[in-house]
Number of protein chains: 2
Amino acid sequence: MPGLIECVPNFSEGRRGEVVEEIVRAIGQIEGVTVLDHTRDETHNRSVVTFAGSAAQVVRAATAAVGRALELIDMEQHRGAHPRIGAVDVIPFVPLGDTRIEECVDLARRFGEQIASRFELPVYLYGEAALRPERKRLADVRRGQYEAIRDEIGTNPKRAPDFGPLRVHTRGGAVAVGARKPLIAFNMNLRTDELATAIKIATAIRESSGGMPAVQAMGVLLENPGMPPMAQVSTNLVDWERTGIAAVVNEVRRLAREAGTEIDHCELIGLAPTGALLDVTADALGLTDFSADQALELRLARDR
Amino acid sequence: MPGLIECVPNFSEGRRGEVVEEIVRAIGQIEGVTVLDHTRDETHNRSVVTFAGSAAQVVRAATAAVGRALELIDMEQHRGAHPRIGAVDVIPFVPLGDTRIEECVDLARRFGEQIASRFELPVYLYGEAALRPERKRLADVRRGQYEAIRDEIGTNPKRAPDFGPLRVHTRGGAVAVGARKPLIAFNMNLRTDELATAIKIATAIRESSGGMPAVQAMGVLLENPGMPPMAQVSTNLVDWERTGIAAVVNEVRRLAREAGTEIDHCELIGLAPTGALLDVTADALGLTDFSADQALELRLARDR
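Residues numbered from 1 in each chain as written. Chains lettered and ligands numbered in written order. Predicted model: local features only at pLDDT ≥ 70, side-chain atom pairs only at ≥ 80, totals over all residues.

A. Looking closely at the sheet that holds strand S10 (residues 230–237) of chain B. All names here are of chain B. As summarised here, the arrangement of the four strands in space is S9-S10-S8-S11, forming an open sheet in which the pairing is antiparallel. Strand pairing shows two members of the sheet lacking a second neighbour, strand S9 (215–222) and strand S11 (263–269), which therefore form its edges. Taken pair by pair, the neighbouring strands of this sheet meet at an average axis angle of 20°, ignoring direction. Sheet topology note: the strand S8 (residues 184–190)/S11 ladder contains six bridges and is antiparallel. The residue bridging Leu190 from the neighbouring strand is Ile263, located in S11. (Pairing = 2+ DSSP bridges. Helix = DSSP H or I, 4+ residues; strand = E, 2+ residues; numbered from the N terminus. Axes fitted to C-alpha atoms, helices over the stretch in contact; angles between N-to-C directions.)

Shown next, in the form of structure tokens:
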């Protein structure tokens with residue numbers, strides 16, 4: 001699987017199922033592209049599709065998806081709980097396997113330029129692909145949402161897109177295109193019903209309050225019918241090569257013990273890079289000289 | 001990677017490097033086949049090639065390898081420390097990924113019949129592919145080696161091959177063809193130089209002395225120049241779905257503690273099925289509802 005790339009576009013449509021199905025179909029019919037997942041949220045009025053392929057394949061599929069979304073979604077009609085700037089709201093490219101983030105940065109910029117000219121669509125580059133530092137954070141690009149961009153794009157230089165016209169697309173608004181590393185959603189359930197303990201541990205480990213690099217964390221209380229309530233430390237690991245699963249679990253295990261409790265079990269939500277999971281294997285066994293190339297099917301997938 | 005199969009033929013040539021290279025080349029030039037490894041041993045006068053592909057691809061490559069070996073190796077001239085019955089001594093087929101062992105059993109039998117007729121080569125089916133229970137163990141098939149089979153094959157019904165003529169091949173002798181599960185070579189190094197401790201633990205865990213199913217183990221003393229000597233429990237896990245790495249490590253850890261020592265670190269030798277490694281991840285984290293399908297690249301390799 002040389003040069004494998006994941007793409008996770010978000011669309012401003014979560015209520016009309018047939019529209020989402022049409023977009024997913026446009027992506028899935030591109031030769032070589034695998035659709036890994038798609039979810040639809042009615043409250044947010046928003047959908048997320050996850051697919052993967054080579055650089056050329058994901059570009060073809062993402063272009064097809066943008067084309068369909070601009071035909072099917074009208075931003076002047078769109079209402080939803082989630083912030084958004086366009087029919088295709090955000091398109092991140094994510095490196096898989098041996099692919100480097102730099103390849104995704106290049107790809108995002110080339111793709112952004114292409115769709116801007118093809119669809120007359122304003123494109124803002126964000127994340128690792130941002131050309132302006134103030135556009136690194138997606139929340140900053142989205143400030144004021146579609147309506148603010150529509151009203152300011154022609155007059156406020158700060159809102160000028162990186163590519164495309166100084167006016168929003170007739171129906172589709174604008175789009176944020178970027179590159180980011182794969183994200184791991186990973187939860188640790190504690191043997192306590194004290195939310196305060198989970199919050200205290202989450203605060204200690206998250207980067208934003210001085211904890212571990214590239215870790216986002218919050219404490220929540222799980223209340224499932226028929227089950228005793230359980231405090232959970234819920235994390236996103238946004239760069240597992242900086243802080244991996246094993247490091248987070250070992251630290252939370254230590255903090256839980258200090259708080260007089262322990263980890264009951266863990267949950268991995270959705271997909272994670274195989275390398276991040278094999279790192280846990282190597283850590284648990286104290287393996288010396290281990291390489292992910294020793295995983296048979298992974299090695300074969302790379303070589304074939 | 002649907003229907004992926006590994007093949008690990010052993011050849012009775014470990015001294016003439018150019019002969020081994022020719023055989024490896026014959027395998028590697030088959031479309032779709034990946035050569036994962038090859039090793040050559042002068043003392044054993046024997047070589048092992050590891051390759052993988054679809055059923056049709058590995059059959060094509062194994063047939064090419066048999067053809068080359070029968071041209072290049074003469075059993076009447078062969079001497080070496082390792083028991084052997086032919087120029088191609090043994091050809092096991094191993095299921096990878098989602099492939100089932102039953103597919104490899106079928107494949108070994110069909111392949112055995114084909115090469116027997118094509119090359120006039122006596123074929124003994126062994127392992128899971130054996131048609132006679134007394135041929136399950138390779139050591140039993142090999143008893144007396146090439147010379148005994150050459151002398152007895154025409155007259156002793158117990159030595160009659162499963163396929164092929166009642167005489168050895170002019171140059172190549174005979175071959176054992178079989179099916180087995182993937183094997184994991186895994187070592188645990190103890191924080192002690194007492195060989196007796198490693199032997200005691202190995203004896204406690206190995207199946208042959210009443211230990212864990214599908215585990216082979218021995219105690220050895222590692223003596224590397226410039227390093228303190230270290231006792232090692234060296235294992236082969238011959239069916240990791242029955243007894244996996246985590247179960248073995250947890251048991252050895254417990255026994256080591258009982259003996260007043262502990263595991264210093266572990267070593268994985270060569271390749272292992274990714275599923276066996278991810279099982280360690282799930283065990284170490286106490287993951288609930290974990291599936292190897294959550295490993296991104298693995299999931300993609302399966303779907304593509």
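Now, onward.
B. Inspection of the sheet that holds strand S8 (residues 184–190) of chain A at higher detail. Residues and elements named next belong to chain A. Taken together, the four strands give an open sheet; going across it, the order is S9-S10-S8-S11, and neighbouring strands pair in antiparallel fashion. In this open sheet, the two strands that pair with only one neighbour each are strand S9 (215–222) and strand S11 (263–269). Strand-to-strand twist in this sheet, taken as the mean axis angle between neighbours without regard to direction, amounts to 20°. Along the sheet face, helix H6 (residues 195–205) touches S8, S9 and strand S10 (230–237) and points at about 175° away from the line of S9. Each of S8, S9, S10 and S11 touches helix H7 (residues 245–258); the most contacted strand, S8, lies at about 20° to it. (Contact = placed C-beta atoms within 7 Å.)

C. Highlighting the domain arrangement of chain A. Residue and element names in this part refer to chain A. Under the domain assignment, chain A is made up of domain 1 (5–179) and domain 2 (184–303). Here the C-alpha centroids of domain 1 and domain 2 sit 30 Å apart. In this assembly, five residues from domain 1 lie in contact with four residues from domain 2. Across the side of domain 1 that touches domain 2, the residue classes tally to two nonpolar, one polar and two charged. (Domains from an automatic or database assignment. Nonpolar A, V, L, I, M, F, W, Y, C, P; charged D, E, K, R; others polar.)

D. Summary view of helix H1 (residues 17–28) of chain A. Residue and element names in this part refer to chain A. For H1, which comprises 12 residues, the first-to-last C-alpha distance of 16 Å matches the rise-based estimate of 16 Å (1.5 Å per residue) to within 8%. For H1, the full list of buried residues reads Val20, Ile23, Ala26 and Ile27. Projected down its long axis, H1 carries its buried residues within an arc of 120°, all on one side. With respect to the buried face of H1, the exposed residues turned more than 90 degrees away are Gly17 and Glu18. Buried residues in H1 make contact with strand S2 (10–11), strand S3 (34–41), strand S4 (46–53) and helix H2 (55–72). (Expected span 1.5 Å × (residues − 1). Buried ≥ 20, exposed ≤ 12 C-beta atoms within 10 Å, placed from the backbone. Arc of directions from axis to C-beta.)

E. Layout of helix H9 (residues 296–303) of chain B. Within the sequence span of H9 of chain B, burial applies to Leu296, Glu297, Leu298, Leu300 and Ala301 of chain B. Where H9 of chain B is buried, its residues meet S3, S4, helix H8 (274–285) and helix H9 (296–303) of chain A together with helix H8 (274–285) of chain B.

F. A look at the packing of H6 of chain A against H7 of chain A. Residue and element names in this part refer to chain A. Two numbers describe how H6 lies on H7: the axes approach to 10 Å, and their chain directions differ by 135°. Here H7 runs oblique to H6, going by the angle between their axes. In the crossing of H6 with H7, the sense of the turn from one axis to the other is right-handed. Here Ile201, Ala204 and Ile205 of H6 lie close against H7, whose contacting residues are Val248, Glu251, Val252, Leu255 and Ala256. Residues that form the contact of H6 with H7 fall into these classes: seven nonpolar, no polar and one charged. (Parallel < 35°, antiparallel > 145°, perpendicular 65-115°, else oblique. Left-handed = near helix turned anticlockwise from the far one by under 90°.)

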